[in-house]
Amino acid sequence: MRSATCTAPVNIAVIKYWGKRDEELLLPINDSISVTLSEMYAKTTIVASPEFDKNRIWLNGEEQTFDSPRILNVLRQFREEVKKARLTGDIYSWNLHVCSENNFPTAAGLASSAAGYACLVYTLATLYGLQDRLELSSIARLGSGSACRSVYGGFVQWNAGTKPDGSDSIAVQLAPSTHWPDLEILILVVSDNRKKTSSTGGMERSVKTSPLIAYRASKCVPERIQGITKAIQDRDFETFADITMKDSNQFHAVCLDTYPPCVYLNDVSHAIIDLVHRFNAASGRTKVAYTFDAGPNACLYLLRQDVPQVLNLVKTAFPNDKSSSSDYLKGIPITEEPLPESLSSAMNLEPIGHNLLKYIIHTRVGEGPQILPETNSLLTTSGLPKSN
């Protein structure tokens, strides 16, 4: 028996991936850039044994069937890479028991599949001692496109590539997590429910029906990739923020341009967008940037010095009965500061609605996948979940 336990982080794109040119290989129609987050991750244990009579998998406490096409594709590609590396041994044919948990909502537009599949691939590689010998981002991509970006920490670009076999569709790190230590993130969780339209289904519908998506991929994204890459290199927050918000808006415009439309934002999401623009206008410069993946939850990028006041802004606009609870404000502790009266007056700041946010996560730019000691295993020595 052999086992390994690892974590892999969530990444939130600032230049979005939306639309595939190949559904089977999960090849995107455009490049994308993301920021890897700390505090939010998937944790996976894999045990391999010649005694196991079949492969089994448990996700967030529930056993699932091991016949998901994407999981099977990941395993198949992993074993192909093992063959290419001319590695031999019976262990590669042993059946697996896999147990994985997320410490954040699943399928709610917070990149759970990205963290999950990146963790699956990295834990597999760790199990066999191959994490430094294989190109892991291309294998993770076969599980979930954006998973290829969670193989790295810091700032990551997924190159769409042009080759039909997808061999050049891989992720590369633009800068490590230490590059921009002052950049921080507030996640405003509006809903932790499973979204009505999956990202996979939404993308497929957009590619087939949206005239805007081709213009975005060919014209807008290349310019934004260039602009935001320089902003990251220069730690130019205002340029980074403006491009991030414009790309988020256009991504959701493509979703609405889809027929029938894919609607991921709700009234609270739009209220957050309005609040951010009002705050930036009253401040005289761009201090906060929002971005929304395929869901209603907001990811706010901002500099560390502005986090205490922005937290106060959010709590004032969205009062919550649980605001003083540790279950409401999660992640890195914050000491909030009141907004200056002049700023509140300029914004005409008043409560938008009561208990509209589920909770808030404070995080920052994080590292890539990590190997954990055996004591962190999610499986017992017999290969069954400890939670059972």
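Please read these numbers as outputs of a predicted model, since none were measured by experiment.

Draft legend 1. Just the overall build of the protein chain, in detail. Helix and strand counts for the protein chain stand at 9 helices and 15 strands. The principal-axis extent of the C-alpha atoms belonging to the protein chain is close to 70 × 45 × 40 Å. When each of the 388 residues of the protein chain is scored for burial, the buried share is 56%. Partitioning the intrachain contacts of the protein chain with sequence separation of at least 6 by distance along the chain shows that 78% fall at a separation of at least 24. Accessible surface, the protein chain: about 16700 Å² in total, of which carbon and sulfur atoms supply 48%. The averaged location of the 41 negative side-chain charges in the protein chain is 3 Å from the averaged location of its 38 positive side-chain charges.

Draft legend 2. Structural context of the pairing of strand β10 (residues 183-189). Of all 7 residues in β10, 7 are buried, a share of seventy percent or more. Covered by surrounding structure in β10 are L183, I185, I187 and V189 together with E184, L186 and L188, the residues of both alternating faces.

Draft legend 3. Representation of the nonpolar core. Counting residues in each nonpolar core, the largest one holds 103 residues, and the members touching the most others are F240, I272, Y301 and L357. Here this core gets 10 residues from one element, more than from any other, and that element is helix α2 (residues 112-127). If sequence neighbours within four positions are ignored, L357 has contacts with L188, V189, V190, V268, I272, V314, F318, N320 and Y328.

Draft legend 4. Representation of empty space enclosed by the protein in the model. Here the structure, examined in full by the defined rule, presents 1 cavity of 30 Å³ or more. Looking at the largest cavity, its volume works out to about 40 Å³. Listing elements by their share of the lining of the largest cavity, those giving two or more residues are α7 (267-283) and α8 (307-317). Here the residues of the lining of the largest cavity are counted per class, giving 9 nonpolar, no polar and no charged.

Draft legend 5. Looking closely at the packing of aromatic side chains. Throughout the structure, instances matching the rule amount to 10 aromatic pairs. With 4.9 Å between their ring centres and 65° between their planes, W18 and F251 make a pair best called edge-to-face. Residue W18 is found in the loop between β1 (2-15) and β2 (20-22), and its partner F251 is found in helix α6 (residues 237-257); the two are separated by 233 residues along the sequence. For W18, a relative accessible area of 3% corresponds to the buried category. With centroids separated by 6.1 Å and ring planes inclined at 50°, the aromatic side chains of Y290 and F292 adopt a geometry described as tilted. Judged by its relative accessible area of 1%, Y290 falls in the buried class. The ring of Y359 carries K330 above its face, with NZ or CZ at 3.9 Å from the centroid.

Draft legend 6. Molecular detail of the sheet that holds strand β13 (residues 329-331). Sheet architecture is open: 5 strands sit in the order β11-β12-β10-β14-β13, paired in mixed fashion. The two strands at the open ends of the sheet, each matched to only one other strand, are β11 (288-291) and β13. The sheet shows a mean angle of 25° between the axes of neighbouring strands, direction not considered. Note: β10 against strand β14 (residues 359-364), 6 bridges, orientation antiparallel. Each residue of the ladder has a partner; that of E184, found in β14, is R364. Docked against the sheet, α6 engages β10, β11 and β12 (298-303), running at close to 25° with respect to β11. With respect to the sheet, α8 is in contact with β10, β11, β12, β13 and β14, its orientation differing from that of β10 by roughly 15°.

Draft legend 7. Molecular detail of the environment of S38. With respect to the element layout, S38 can be found in strand β4 (residues 32-49). Placed 329 residues apart in sequence, S38 and E367 show a C-alpha to C-alpha distance of 6.7 Å.

Draft legend 8. Focus on the environment of I33. One can find I33 in strand β4. Note on I33: relative accessible area 0%, which makes it buried. Through-space distance from the C-alpha of I33 to that of A171 is 9.2 Å; in sequence the pair is 138 residues apart. Setting aside residues up to four positions removed in sequence, I33 forms contacts with A13, V14, I15, V156, Q157, L174, I225, I228, T229 and I232.

Draft legend 9. Broad picture of the environment of A241. Within the element layout of this structure, A241 appears in helix α6. For A241 and F66, which are 175 residues apart along the polypeptide, the C-alpha to C-alpha distance reads 41 Å.

Draft legend 10. Broad picture of the packing of helix α5 (residues 211-234) against α6. For the pair α5 and α6, the least separation of the axes is 10 Å and the interaxial angle reads 165°. In terms of orientation, α5 lies roughly antiparallel with respect to α6. Between α5 and α6 lies a crossing of left-handed hand. Taking contact as the criterion, the partners of P211, L212, I213, R216, C220, R224, G227, I228, A231 and I232 in α5 are, on α6, T239, F240, I243, T244, K246, D247, Q250, A253, V254 and D257. Residue composition of the contact of α5 with α6, grouped by class: 11 nonpolar, 4 polar and 5 charged.

Cut-offs applied
- Residues numbered from 1 in each chain as written.
- Predicted model: local features only at pLDDT ≥ 70, side-chain atom pairs only at ≥ 80, totals over all residues.
- Heavy atoms only, no water.
- Helix = DSSP H or I, 4+ residues; strand = E, 2+ residues; numbered from the N terminus.
- Buried < 20%, exposed > 50% of the residue type's maximum accessible area, 1.4 Å probe, protein only.
- Contact = heavy atoms within 4.5 Å.
- Areas by Shrake-Rupley, 256 points an atom, 1.4 Å probe, with all protein chains shown as cover.
- Lys, Arg positive; Asp, Glu negative; His and termini not counted.
- Charge placed at Lys NZ, Arg CZ, Asp CG, Glu CD.
- Core = buried A, V, L, I, M, F, W, Y, C linked by side-chain atoms within 4.5 Å.
- 1 Å grid on protein atoms, 1.4 Å probe; cavity = no way out; pocket = protein on both sides within 12 Å on 5 of 7 lines; lining within 4 Å.
- Points joined across faces, edges and corners; volume = space filled by probe spheres on them.
- Nonpolar A, V, L, I, M, F, W, Y, C, P; charged D, E, K, R; others polar.
- Phe/Tyr/Trp six-rings, centres within 6.5 Å; stacked < 30°, edge-to-face > 60°.
- Lys NZ or Arg CZ within 6 Å of the ring centre and 35° of its normal.
- Pairing = 2+ DSSP bridges.
- Axes fitted to C-alpha atoms, helices over the stretch in contact; angles between N-to-C directions.
- Parallel < 35°, antiparallel > 145°, perpendicular 65-115°, else oblique.
- Left-handed = near helix turned anticlockwise from the far one by under 90°.

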